[in-house]
Amino acid sequence: MNYKINDFLISPDIHLASKNNEKFELTSQEIIALKLFFSSDDGFVDTQTLESEIWGERIVTKNSLRKLISDLRLKFGDRESFKNIRGRGYKLTFESIEPSTVNHKKVTSYKYLFTLLFIILICIVAILSYSYKGKVKTLPKVSTQTVFESKDYILDYATHNNTLFVTARDKNTSKLYKVLNRQNTVLMSENYSGAYRGLEIHTSGRTIMHMVEDSKCKIKIYRIPVEDQIDEIPCNRQNAFPSFDWIDENRFYITFNVDPSSSIKPFVYDLTTKRLEEVFSINFESENKKNFIDAYIKGHNDGVFSLRENHLDKMSLTYFEGNNRRTLYKFRAKPYSVAVAQQNLFFVGNNNELFMLPLSDDILSQDINLSLLMASQATKIDDPLVLEEQLYFSLGNVTKEVIYSSSGDFTYSLENGVRDFTYTDNVLTVLALTNSGYAIEQLKDGLVFNTIYFDSNLSLRHIAFFKNEIFLAGADGVYKLFENKLIQISNIKTIELVSNGKCMIAEGDGIHLFEQKKHTFMKIVEQGERAFQSEQGCLFVDTLTGNIVNENREIISKQTKKRLLIEHKGKLAHRYNVKEQTHIVDIKSGKVIERTRERARFTRLISYEDDILYLGGADVNTSILRLKLD
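Each value, and the rule that gives it
- Residues numbered from 1 in each chain as written.
- Predicted model: local features only at pLDDT ≥ 70, side-chain atom pairs only at ≥ 80, totals over all residues.
- Heavy atoms only, no water.
- Helix = DSSP H or I, 4+ residues; strand = E, 2+ residues; numbered from the N terminus.
- Buried < 20%, exposed > 50% of the residue type's maximum accessible area, 1.4 Å probe, protein only.
- Contact = heavy atoms within 4.5 Å.
- Disulfide = S-S within 2.5 Å.
- Core = buried A, V, L, I, M, F, W, Y, C linked by side-chain atoms within 4.5 Å.
- Pairing = 2+ DSSP bridges.
- Axes fitted to C-alpha atoms, helices over the stretch in contact; angles between N-to-C directions.
- Polar contact = N/O pair within 3.5 Å; in protein donor to acceptor, adjacent residues only side chain to side chain.
- Salt bridge = Lys/Arg side-chain N within 4 Å of Asp/Glu carboxyl O.
- Parallel < 35°, antiparallel > 145°, perpendicular 65-115°, else oblique.
- Left-handed = near helix turned anticlockwise from the far one by under 90°.
- pLDDT = per-residue confidence, 0-100.
- Expected span 1.5 Å × (residues − 1).

**Q** Can you walk me through the overall build of the protein in this structure?
**A** Counting secondary structure elements, the protein contains four helices and 57 strands. For the protein, buried positions account for 52% of its 630 residues. Summarising the internal contacts of the protein: among those between residues at least 6 apart in sequence, 45% fall at separations of at least 24.

**Q** I'm lost on the state of the cysteines in this one. Help?
**A** Cysteine pairs can be linked by a disulfide, which is a covalent bond between their two sulfur atoms. For the coordinates displayed, the defined rule picks out two disulfides. Residue pairing for Cys217: its cysteine sulfur links by disulfide to Cys235, the two sulfurs lying 1.8 Å apart. On the S-S bond that ties Cys217 to Cys235, the torsion sits near -90°, and the link is left-handed. Of this pair, Cys217 sits in strand β17 (residues 216-224) while Cys235 sits in strand β18 (residues 227-235); the two residues are 18 residues apart in sequence, bridging distant segments of the chain. Going through the protein in sequence order and numbering each bonded cysteine, the pairs you get are 1-2, 3-4.

**Q** Got a minute to help me understand the nonpolar core in this structure?
**A** Generally speaking, nonpolar side chains in soluble globular proteins are found buried as a group. Tyr157, Val166, Phe305, Leu317, Leu345, Phe347 and Ile624 are the most contacted members of the largest nonpolar core, which totals 32 residues. For Tyr157, the residues in contact, after removing those within four places along its chain, are Leu164, Phe165, Val166, Leu199, Asp383, Pro384, Leu385, Leu387, Tyr392, Phe393, Ser394 and Ile624. Counting residues in each nonpolar core, the second largest holds 26 residues, with Ile10, Phe24, Trp55 and Phe76 among its members.

**Q** What is the right way to read the sheet that holds strand β4 (residues 22-25) from this model?
**A** Pairing between the strands of a sheet is mediated by backbone hydrogen bonds and can be parallel or antiparallel. Read from one edge of the open sheet, five strands run β4-β3-β2-β1-β8, paired in antiparallel fashion. Looking at strand neighbours, the two that pair on one side only are β4 and β8 (95-97), the edges of this open sheet. Here the strands of the sheet are splayed against their neighbours by 25° on average, with no regard to which way each runs. Bridge count between strand β1 (residues 2-5) and β8: three bridges; the pairing is antiparallel. What sits directly across from Lys4, in β8, is Glu95.

**Q** Before we go on, may I ask you to explain helix α2 (residues 47-55) in this structure?
**A** For an α-helix the count is 3.6 residues per turn, leaving residues at separations of three or four pointing the same way. Burial analysis of α2 places seven of its nine residues in the buried class, the great majority of the element. Of all the residues in α2, the buried ones are Thr47, Thr49, Leu50, Glu51, Ser52, Ile54 and Trp55. Looking at where α2 begins, the residue whose side-chain oxygen comes 2.8 Å from the main-chain nitrogen of Thr49 is Asp46.

**Q** Got a minute to help me understand the pattern of salt bridges in this structure?
**A** Think of it this way: side chains of opposite charge can pair up when their charged atoms draw near. Under the defined criterion, the tally for this structure stands at 24 salt bridges. The residue Lys220 makes a salt bridge to Glu213 at a minimum N-O spacing of 3.0 Å. Relative accessible area serves as the criterion here: at 24%, Glu213 is assigned to the partly exposed category. For Asp542, the salt bridge is made with Arg553, and the minimal N-O distance between the two is 3.4 Å.

**Q** Would you mind showing me how to read the environment of His583 here?
**A** Turning to its location among the elements, His583 is positioned in strand β53 (residues 581-586). Given a relative accessible area of 8%, His583 falls into the buried group. As for His583 and Ala600, which are separated by 17 residues in sequence, their C-alpha atoms are 9.5 Å apart. The contacts of His583, once residues within four sequence positions are left out, are His574, Arg575, Tyr576, Val578, Val592, Glu594 and Arg595. At 3.3 Å, the side chain of His583 and the side chain of Gln581 are in polar contact.

**Q** Please explain the sheet that holds strand β38 (residues 447-455) as it appears in this structure.
**A** Read from one edge to the other, the open sheet built from four strands follows the order β35-β36-β37-β38, with strand pairing classed as antiparallel. Strands at the two margins of the open sheet, each flanked by one partner only, are β35 (417-424) and β38. Within the sheet, the average angular offset between the axes of one strand and its neighbour, ignoring direction, is 15°. As paired elements, strand β36 (residues 427-433) and strand β37 (residues 437-444) share six bridges and run antiparallel to each other. Within β37, the residue paired with Val430 across the bridge is Glu441.

**Q** What exactly am I supposed to notice about the packing of helix α1 (residues 28-39) against α2 here?
**A** Each packed pair of helices is defined by two parameters, the angle between the axes and the distance between the axes. Direction vectors running N to C along α1 and α2 enclose 140°, while the axes themselves pass 9 Å from each other. Comparing their axes, α2 and α1 come out oblique. In terms of crossing hand, the pair formed by α1 and α2 is right-handed. Contact residues: Gln29, Ile32, Ala33, Leu36 and Phe37 in α1; Thr49, Leu50, Glu53, Ile54 and Trp55 in α2.

**Q** Help me understand the confidence of the model for the protein in this model?
**A** Residue-level pLDDT values for the protein average 85, and 89% of them are 70 or greater. Here helix α4 (residues 104-132) is the element of the protein with the lowest mean pLDDT, 47, and strand β39 (residues 462-466) is the one with the highest, 97. A low-confidence stretch, residues 100-108 (pLDDT under 50), is modelled with four contacts involving residues beyond four sequence positions or located in other chains.

**Q** Could you clarify how one ought to interpret the pairing of strand β44 (residues 504-508) in this entry?
**A** Counting buried positions along β44 gives five out of five residues, so the element sits mostly inside the fold. Neither face of β44 is exposed, since Met504, Ala506 and Gly508 on one face and Ile505 and Glu507 on the opposite face are all buried. Judged from the four bridges that link them, strand β43 (residues 496-499) and β44 form a sheet pairing that is antiparallel. Each bridged residue has a counterpart across the sheet, and for Ser499 the counterpart in β44 is Met504. Counting the residues that bridge the hairpin from β43 to β44 gives four residues, and of these Gly501 lies at a positive phi of roughly 95°. In this antiparallel pair of consecutive strands, β44 and strand β45 (residues 510-515), the connection spans one residue.

**Q** I'm lost on α1 in this one. Help?
**A** Relative to the 16 Å expected for 12 residues at 1.5 Å per residue, α1 spans 17 Å between its end C-alpha atoms, a close match to the ideal helical length. Looking only at α1, the buried set comprises Glu30, Ile31, Ala33, Leu34, Leu36, Phe37 and Phe38.

**Q** Honestly, the environment of Asn351 in this entry has me stumped. Any pointers?
**A** With respect to the secondary-structure elements, Asn351 resides in the loop between β28 (344-348) and β29 (354-358). For the pair Asn351 and Ala333, spaced 18 residues apart in sequence, the C-alpha to C-alpha distance is 9.7 Å.

Here it is, written out as structure tokens:
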């Protein structure tokens, strides 16, 4: 559908308007406003919806909306099309045009564009098909859960007893992290890069770690993850990144070259005999007598998967069993690892996609029918591993939203970006986006006790925890989460959802109180804004009187500024930005109670015991994700 206002034709993306030789661009705020008008039933949109959708949770004056409408009137040269419905909102008069009536030349150009895009798509498919020369089946979409992220670059990782251990580095340092309940603890640290490298943990807890210490390459074995060292193997610097794989509690594969002139190939080390022996049961010798590097190995049944590099630096995924071998995939770039489960093999393809190959009992002769788990990603997929029967991989990242505390004692990150968080009944509840929907996690005493993932196309921005139930809200209404499914209980276009554990209110077109018996929201006041939680109730500002009142309309306090509100350490306070910080200022005394280290993003800020939690940004270089198939 296309639209016209005063004979100005609006572009399909609503970024431009043109009439004859006159053309102008629309601002992002004007685009949002026009989309609201075009999608309404009769061109009318109420003031509350316009302000909340255009400016989000930023506090703006009534003049802001008037100025926006005035600018639109000037651009379109038409005052009558934008009518002010006094006390209610604005109504736009416009024409709706079917695409077929748009200029034929433009339609033709779109046809050419679609044809070109289709040809490009066919070429991409052809390239993908050629790269692995096998049949490809696409699996249902997958969802991912972020389990670790850092400004450092990840080298290797392993799990034990639901705890993640990660080796990482930056330009000047090297660290070994322990990750539990999304809190990262540094177990080891050195002031030079690459001190800690490969890591492999047996189910018993026995741990192999490749490291550089005192300028010497060492492989250390611990009884439990990085505690109580029980053995050590020296290695030469040519074995820059040896690969390990446990065979049983006392033996493991290790890629090695004892003689620097020899190929790097798999050996077996026995902790009981302290002997390093070449693998003779499998023929790793090259067929053309050239030196090969078996850069990564993974045992499977009677054979071994290897990422094998030849003398021309070409890499292939090869399966070895006895004297037989089979190349399963050829790489254009060097991969780091493959993940092997009992029935499936996982690896990263040449176009930065993630493949799965179902394994038969006879891998040497089976068909290569690849399934595409993840399409090509903009950031590099790396290091797939099956750990504790779950698939993990690492991925590059960009800036995202993270929860910080004003004291600096608390940092919390969840998925692609945090949307909202609240602290009720000693439970911190966090809402975040995922690649296919949303994630919710709840913490008590700093420990995660509830994690929920669900797919949804709804626009959800607010979360509340009330009577041991989770409620979500946004432009699409208010929903209760029940058995990982959303049940709509109201169609209020919500700009704030507030609960103190005893009451719950939704701010939208007025203030609405949740009634448990009816299990829905009932409007209690038309003129109310800036809702927030308090020990004194679910509070908001009555815009007729300017008083701060509770859900029973009882006056709690007078406001001293037209600012957002918060209760912290039993005191009512305004909160607002001062330069690059957010200040929490006592209403009565005017004194600053607390300051954040950086400005709270999207006004997300709550009281958390004696601390303040707020939303900030973080640059993340790499993350470890856990993948879940539908």
